[in-house]
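# Coordinate analysis (summary)
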Amino acid sequence: MAETIKIRAKSTDDTVTVKVLVTHPMETGTRKDSKTKKLVPAHFIQEVKAEAHGKVVFHADTGAGVAKNPYFAFKFKGASKGDTIKISWVDNMGNADSREAVVK
Amino acid sequence: MSITRRAVIKNAVVAGLVTMAGLPKLLLAAWPESAFKAKSMDDAMNALLGTTESAAGDIVIKAPEIAENGAVVPISVTSKIANTESISIIVPNNPSPLVASFDLTDSEPFVSVRIKMAKTSDVVALVKSGGQLYKGTKEVKVTIGGCGG
């Protein structure tokens, strides 16, 4: 799979602001394909997790109500410039991806 | 001799049990399926948080007054409540009202996300703190729905 996650992590004072963009269709399961007139099966991210220093700093349970190509932003303390943050997601079809980024 | 052998095995078993007890907790931070499948806000709240009661709280929701495209509505929620444990975002007028639930025990009480909205609705942010539930709402008018068609 191509890269699905884009991460920007920026440290200001003692707080790290993380912005995450994931490429994902986020199908609700109620939309019809305009050509085949068949329902497009539900396909959405269920879990997004962020880890720093091996510790989970952010965890989200998400439903199909999150927009296509989801964007999340959050802030946490306990990491500084140069530290690595790892973002991972899992969807309802068992697909998953993770990526690491360095805090700037 | 045999006693030390026993002790070693015992330790190994105990260590194994501890690891096993620890793992499922991590893995089974299970996705709350019933809450996400709920068709009403009350059902979703009951399934996710075990209650529908909430007090008004100091919660700031940033969202557009009018969203032209309901498929992508940027919102951000900041909780000014001490010890914010989680923020859950609910859109009562969506077919499945629960959008997402963020565990913020180890992060700052802020989250930003882009959501879908089927039609004009309140956006509800529920903040859990110290066993108490706080609620903030903001209305967003939607001109084109983001679900279906």
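The structure reproduced in this document is the subject of the present report.

Parameters and conventions
Residues numbered from 1 in each chain as written. Chains lettered and ligands numbered in written order. Predicted model: local features only at pLDDT ≥ 70, side-chain atom pairs only at ≥ 80, totals over all residues. Heavy atoms only, no water. Helix = DSSP H or I, 4+ residues; strand = E, 2+ residues; numbered from the N terminus. Buried < 20%, exposed > 50% of the residue type's maximum accessible area, 1.4 Å probe, protein only. Contact = heavy atoms within 4.5 Å. Areas by Shrake-Rupley, 256 points an atom, 1.4 Å probe, with all protein chains shown as cover. Core = buried A, V, L, I, M, F, W, Y, C linked by side-chain atoms within 4.5 Å. Pairing = 2+ DSSP bridges. Axes fitted to C-alpha atoms, helices over the stretch in contact; angles between N-to-C directions. Phe/Tyr/Trp six-rings, centres within 6.5 Å; stacked < 30°, edge-to-face > 60°. Lys NZ or Arg CZ within 6 Å of the ring centre and 35° of its normal. Polar contact = N/O pair within 3.5 Å; in protein donor to acceptor, adjacent residues only side chain to side chain. Buried area = accessible area lost by both parts, 1.4 Å probe. Salt bridge = Lys/Arg side-chain N within 4 Å of Asp/Glu carboxyl O.

### Quick word on the overall build of chain A
In terms of regular secondary structure, chain A is built from zero helices and seven strands. When the helices and strands of chain A are placed in sequence order, the string is β-β-β-β-β-β-β. Looking at the 104 residues of chain A, the share that counts as buried comes to 46%. Restricting to contacts in chain A with at least 6 residues of sequence separation, those with at least 24 account for 53%. A total of about 5,500 Å² of accessible surface is found on chain A, and carbon and sulfur atoms cover 50% of it.

### Thoughts on unusual backbone geometry
Backbone geometry places Asp13 of chain A, a non-glycine residue, at a positive phi of 55°. At Lys37 of chain A, a position not held by glycine, the phi torsion is positive, near 60°.

### A look at the nonpolar core
Core analysis: the biggest nonpolar cluster contains 63 residues, and Val18, Phe74, Ile85 and Ile87 of chain A together with Ile89 and Phe102 of chain B have the highest contact counts within it. Sort the elements by how many residues they give to this core and strand β8 (residues 121–129) of chain B lands first, with five residues. Residue contacts for Ile87 of chain A: discarding those within four places in its chain leaves Ile5, Ile7, Val18, Val20, Val48, Lys49, Ala50, Phe74, Asp97, Ser98 and Arg99 of chain A.

### Remarks on the environment of Ser107 of chain B
Within the element layout of this structure, Ser107 of chain B appears in the loop between β6 (98–103) and β7 (110–115). Residue classification places Ser107 of chain B among the buried residues on the basis of a relative accessible area of 8%. Distance from Ser107 of chain B to Ser86 of chain B, taken between C-alpha atoms, is 9.7 Å for residues 21 residues apart in sequence. Those residues within four positions of Ser107 of chain B in sequence are excluded, and the remaining contacts are Val57, Phe58, Lys75 and Phe76 of chain A.

### Some points on the sheet that holds strand β5 (residues 71–77) of chain A
Pairing in this open sheet of six strands is antiparallel, and the strands run β1(A)-β2(A)-β5(A)-β7(B)-β4(B)-β2(B) from one edge to the other. Here the strands that pair on one side only, and so sit at the sheet edges, are β1 (5–12) of chain A together with β2 (59–62) of chain B. Within the sheet, the average angular offset between the axes of one strand and its neighbour, ignoring direction, is 15°. The pairing of β2 of chain B with strand β4 (residues 73–79) of chain B spans four bridges and is classified as antiparallel.

### Remarks on the packing of aromatic side chains
If you walk through the whole model with that rule in mind, you get six aromatic pairs over all chains. Ring centres 5.7 Å apart and planes at 50° place the aromatic pair Phe44 of chain A and Trp31 of chain B in the tilted group. Here Phe44 of chain A, found in the loop between β2 (15–22) and β3 (45–52), pairs with Trp31 of chain B, found in the loop between α1 (2–27) and α2 (33–37), and the two come from separate chains. Each member of the pair, Phe44 of chain A as well as Trp31 of chain B, carries the same accessibility label: buried. Here Phe72 of chain A and Phe102 of chain B contribute two aromatic rings whose centre-to-centre distance is 6.2 Å and whose plane-to-plane angle is 70°, an arrangement assigned as edge-to-face. Within this pair, whereas Phe72 of chain A is found in strand β5, its partner Phe102 of chain B is found in strand β6, the two belonging to separate chains. Phe102 of chain B carries the same exposure label as Phe72 of chain A, and that label is buried. Three or more aromatic residues link up through ring pairs in this structure, and these residues are Phe58, Phe72, Phe74 and Phe76 of chain A together with Phe102 of chain B. Lying over the aromatic face of Phe110 of chain B, Lys75 of chain A brings its terminal NZ or CZ to 4.5 Å of the ring centre.

### A short note on the environment of Asn95 of chain A
All names here are of chain A. Within the secondary structure layout, Asn95 lies in the loop between β6 (84–91) and β7 (96–102). Along the chain, Asn95 and Phe44 lie 51 residues apart, while their C-alpha atoms are 9.7 Å from each other. Residue contacts for Asn95: discarding those within four places in its chain leaves His43, Trp89 and Val90. Among the polar contacts made by the side chain of Asn95, one reaches the side chain of His43 at a distance of 3.4 Å.

### Some words on the interface of chain B and chain A
Counting residues at the interface gives 23 residues for chain B, matched by 31 residues for chain A. Summing the contributions of chain B and of chain A, the shared interface buries around 2,200 Å²; its carbon and sulfur component is 56%. The largest share of the area that chain B buries against chain A comes from Trp31, Arg114 and Lys116 of chain B, three residues that together contribute 29% of it. Taken together, the links from chain B to chain A amount to two salt bridges. Across the pair Lys55 of chain A and Asp106 of chain B runs a salt bridge, and its minimum N-O distance is 3.8 Å. Summed over the shared surface of chain B and chain A, the result is 13 residue pairs in polar contact (both at pLDDT 80 or more). Of all the elements in the fold, those that place two or more residues in the side of chain B that touches chain A are β6 and β7 of chain B.

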